[in-house]
Amino acid sequence: MSDGVIRLNGSIQSTAVSRSGKRGAMTMNVSTVSFIETAPLGAAHLHGLEAGAALDDPFDVVVVGSGASGAVAAETFVRAGLRTLVLEEGARLRRDAENAAVDAASPMALAGSEERGWSGRGWPWSTRNLGGGSVFYGGASFRYTDFDFDPSARIHVDGLPVKWPIGAEDLAPHYREMERRLCVDHAAFVDATQVPRTLSLPAEHLWAGAERLGYSPRPTPVAVDRSLCDNCSLCISAQCTRGAKRDVVTALLAPLADAPNLTLLTGVRAVALTQTRRHAVDAVTCLDMDTGRTRSIRARRVVLACNAIQTAALLLRSTSHHAPRGLGNEHDVVGRGLCMKLSEYTEGRVDEYPERIADHPIGYRGPFSTVAVLDHYLDERCPVGVGGLMYETKHDDWRALQGEGLVLRVETILADHPSPRNRIRLSSSTDAWGLPRVMIDYTTDRRDEARLAYMRARSAGWLEASGARTIRHEASNFTLGSTHLHGTCRAGDDPRTSVVDRDGRVHALDNVHVVDGSYMPYPGGLNPTLTIQANALRISRLLARGDTARADDGAPRAAVA
């Protein structure tokens, strides 16, 4: 039951501290926050712990996080008839909510290293709201290649195996299903034999430039229902009002929002998992973000889908006499291997009449990326022989597109080398709730810096071949945090170098699974969302069927029910 305090590491820490540091209850009247939608998504949706939800009886499954992977898992469990609770720290957003406003209201982390010092501008989220980053993302939905699942022929890391315990064939049926449900045209990406009609005006120039270089350009696969899309905006950092962009609220959560076996709690943070038995957790300690009250919610199974930073931090906060260093952290692996991908933007301008920009059926508008190039994905001329993706990435602000000519903008994305030194840690300093602050301890590998420089030059060459002038580069500041997060609860067969097994189960526990990007032993060089979702679908279906359920003594047992 709620007792108004958070108990961690056997101590009692008061939650009665306001964001300004003054003593008293920390409250946020949701009706006064401009970007928060106060109307529920459906009968199953409640905001806060004191909203009348039936929380006394244990849930079959508690899913922590409502973003790309959490929504997939939750929907699977609900449709399987399991009594399911979804915990989301953020709120439901109004349709006109701006990405920048949501981010500005979200707490930051510490970022840096012992050598460089620490900045308070670390970014530990995609976005902090119902549906996570999917409500603002551009929808890029690539399948990982065979190399991404086993890069060991070219990528070597001391102490951390980079081969996944599953392969592309394990995810193939789940890729296909997620693509169908999210309206991703994978076939067009694979069979790009002619110039597609879906290209933006900048992408038409980029496509022609790619062909001049001998590349094989492809339409970017995006989670957009073209039958509903009217190319109304730049389609990045904005919600879709027509339901064309298949974010997880639109595609997965809203259709289940009245389900009697679903409870969806927004404004509630999972503080820690509690453990009284050696091989299982019993409950989730939750914090109401509006009132500061806490309570324990019992769970037969917990599925973590917070993102690779927040999931690792939650496990590290979850200490007990069975797990004094945090759950799953017997070998000091939780939080290690953090990968955020390297990236950089390159842009230039081509001569184009304003009338042609205005008259083009798409122009600058529509899906945020419509052309991609993978010709340097594996490239012997690039350091270690591994390059990356280059693709069109539009600005999210019309003002950046003003001026003479047509703006061409591309981004290059590269998988970073996993490193035991790059990790999520907990600080000795605390946040406004009295909880340890998250630390993003990350230093770029020099090999990766050389690879990024190589791909930066390829990006500039692509723009030049497309007729662009006044080319310039823009850093993404990925070292402070990224929306592409991987690897802190690595999957593998050896508990000494991994946190979870091939099916996402924490090695030391029978009833805790991880389904977000934490799972990834190697981050892959493509946008990870579709792969995270496909893997979440695979794992949650196994759990719903009881295929991976085990008793405390290791004997098989029935699925949670």
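As recorded by an unreviewed UniProt entry, the chain carries the name 4Fe-4S ferredoxin-type domain-containing protein and is attributed to Roseateles aquatilis. Its UniProt record gives the chain the following Sequence similarities (unreviewed entry) comment, quoted word for word: "Belongs to the GMC oxidoreductase family." Its UniProt record, at the heading Cofactor (unreviewed entry), says of the chain: "FAD".

**Q** Kindly report on the sheet that holds strand β9 (residues 268-274), identifying the contributing residues and their values.
**A** Ordered by their spatial adjacency, 3 strands build an open sheet running β9-β10-β11, and the pairing between neighbours is antiparallel. What marks the edges here is a single partner per strand, and that holds for β9 and β11 (294-298). For this sheet, the mean inter-axis angle between neighbouring strands, taken without regard to orientation, is 30°. Judged from the 6 bridges that link them, β9 and strand β10 (residues 283-288) form a sheet pairing that is antiparallel. Bridged to Arg269 within β10 is Leu287.

**Q** Explain the layout of surface pockets to me, and be specific about the residues and the numbers.
**A** Taken as a whole, the second largest pocket spans an internal volume of roughly 380 Å³. Considering the residues around the second largest pocket, the lining is formed by 20 residues, among which Pro107, Met108, Arg269, Asp431 and Ala432 are closest to the centre. Take the lining of the second largest pocket: its biggest share by element is 3 residues, from strand β18 (residues 436-441). A class-by-class count of the residues in the lining of the second largest pocket yields 11 nonpolar, 3 polar and 6 charged.

**Q** Just give me the short version of the environment of Ala432, but keep the residues and values in it.
**A** Inspection of the secondary structure assignment puts Ala432 in the loop between β17 (423-430) and β18. Looking at Ala432, the relative accessible area reads 27%, which means it is partly exposed. Counting along the chain gives 241 residues from Ala432 to Asp191, while the straight-line C-alpha distance between them is 52 Å.

**Q** Talk me through helix α8 (residues 308-317); I want residue IDs and the actual numbers.
**A** The periodicity of an α-helix, 3.6 residues per turn, causes residues three or four places apart in sequence to face the same way. Taking burial as the measure, the 10 residues of α8 include 10 buried ones, the bulk of the element. Along α8, the positions that sit buried rather than exposed are Ala308, Ile309, Gln310, Thr311, Ala312, Ala313, Leu314, Leu315, Leu316 and Arg317.

**Q** Describe the packing of helix α6 (residues 201-212) against helix α10 (residues 446-465), naming the residues involved and giving the relevant values.
**A** One can describe the packing of α6 onto α10 by two numbers: an axis separation of 7 Å at closest approach and a directional angle of 105°. Taken as axis vectors, α6 and α10 run roughly perpendicular relative to one another. Contacts between α6 and α10 involve Leu206, Gly209, Ala210 and Arg212 on the former and, on the latter, Trp462, Leu463 and Ala465. Residues of the contact of α6 with α10, tallied by class, amount to 5 nonpolar, 1 polar and 1 charged.

**Q** Which residues make up α10, and what are the values?
**A** The end-to-end C-alpha separation of α10 is 29 Å, in line with the 28 Å expected for 20 residues at 1.5 Å each. Turning to α10, its buried residues are Asp448, Arg451, Leu452, Tyr454, Met455, Ser459, Ala460, Trp462, Leu463 and Ala465. With a side-chain oxygen lying 2.7 Å from the backbone nitrogen of Arg447, the N-terminal cap of α10 falls on Asp445.

**Q** How would you summarise the nonpolar core if you had to cite specific residues and measurements?
**A** Counting 154 residues, the largest nonpolar core has Val64, Leu87, Leu273, Leu304 and Ile440 as its most contacted members. Judged by nonpolar contacts, the second largest core, of 6 residues, contains Val271, Ala272, Leu287 and Leu435.

**Q** An account of the sheet that holds β17 is requested, with residue identities and associated values reported.
**A** Either a parallel or an antiparallel arrangement is found when strands of a sheet pair, and the pairing is made through backbone hydrogen bonds. One open sheet holds the 4 strands; their spatial order is β7-β6-β18-β17, and the pairing between them is mixed. One side of each edge strand has no neighbouring strand; the edge strands of this open sheet are β7 (117-122) and β17. Across the sheet, the mean angle from the axis of one strand to that of its neighbour is 35°, orientation sign disregarded. For β17 and β18, the ladder comprises 5 bridges, and the chain directions are antiparallel. In the strand pairing of β18, Ile424 is matched with Ile440. Sitting on the sheet, α8 touches β17 and β18, and the angle it makes with β17 is about 60°.

**Q** Residues and numbers for the packing of helix α1 (residues 68-79) against helix α11 (residues 529-545), please.
**A** Two numbers describe how α1 lies on α11: the axes approach to 8 Å, and their chain directions differ by 30°. Compared by their axis directions, α1 and α11 come out roughly parallel. Helix-helix and strand crossings are classified by hand; for α1 and α11 the assignment is right-handed. From α1, Ala68, Ser69, Val72, Ala73, Thr76 and Phe77 reach across to α11, where they touch Thr529, Ile532, Gln533, Ala536, Leu537, Ser540, Arg541, Leu543 and Ala544. Of the residues contributing to the contact of α1 with α11, the split by class is 9 nonpolar, 5 polar and 1 charged.

**Q** Any chance you could break down empty space enclosed by the protein for me, citing the residues and the numbers?
**A** In total, this model carries 3 cavities of 30 Å³ or more according to the counting rule given. Each pocket or cavity is described by its volume, and for the largest cavity that value is around 70 Å³. If you go around the largest cavity, the residues you meet are Pro202, Leu206, Tyr364, Glu392, Lys394, His395, Leu401, Val407, Leu408 and Arg409. Mapped onto the lining of the largest cavity, the elements with two or more residues apiece are α6 and β16 (406-414). At 3 residues, the largest contribution of residues to the lining of the largest cavity is made by β16. Class assignment for the residues of the lining of the largest cavity results in 6 nonpolar, 1 polar and 3 charged. Approximately 40 Å³ is the volume attributed to the second largest cavity. Taken together, Phe147, Asp148, Tyr377, Val386, Gly387, Ala415, Arg451, Tyr522, Gly524 and Gly525 make up the full set of residues lining the second largest cavity. Of the residues contributing to the lining of the second largest cavity, the split by class is 5 nonpolar, 3 polar and 2 charged.

Thresholds applied
Residues numbered from 1 in each chain as written. Predicted model: local features only at pLDDT ≥ 70, side-chain atom pairs only at ≥ 80, totals over all residues. Heavy atoms only, no water. UniProt positions renumbered as here; feature names shortened; annotations may be inferred. Pairing = 2+ DSSP bridges. Helix = DSSP H or I, 4+ residues; strand = E, 2+ residues; numbered from the N terminus. Axes fitted to C-alpha atoms, helices over the stretch in contact; angles between N-to-C directions. 1 Å grid on protein atoms, 1.4 Å probe; cavity = no way out; pocket = protein on both sides within 12 Å on 5 of 7 lines; lining within 4 Å. Points joined across faces, edges and corners; volume = space filled by probe spheres on them. Nonpolar A, V, L, I, M, F, W, Y, C, P; charged D, E, K, R; others polar. Buried < 20%, exposed > 50% of the residue type's maximum accessible area, 1.4 Å probe, protein only. Parallel < 35°, antiparallel > 145°, perpendicular 65-115°, else oblique. Contact = heavy atoms within 4.5 Å. Expected span 1.5 Å × (residues − 1). Polar contact = N/O pair within 3.5 Å; in protein donor to acceptor, adjacent residues only side chain to side chain. Core = buried A, V, L, I, M, F, W, Y, C linked by side-chain atoms within 4.5 Å. Left-handed = near helix turned anticlockwise from the far one by under 90°.

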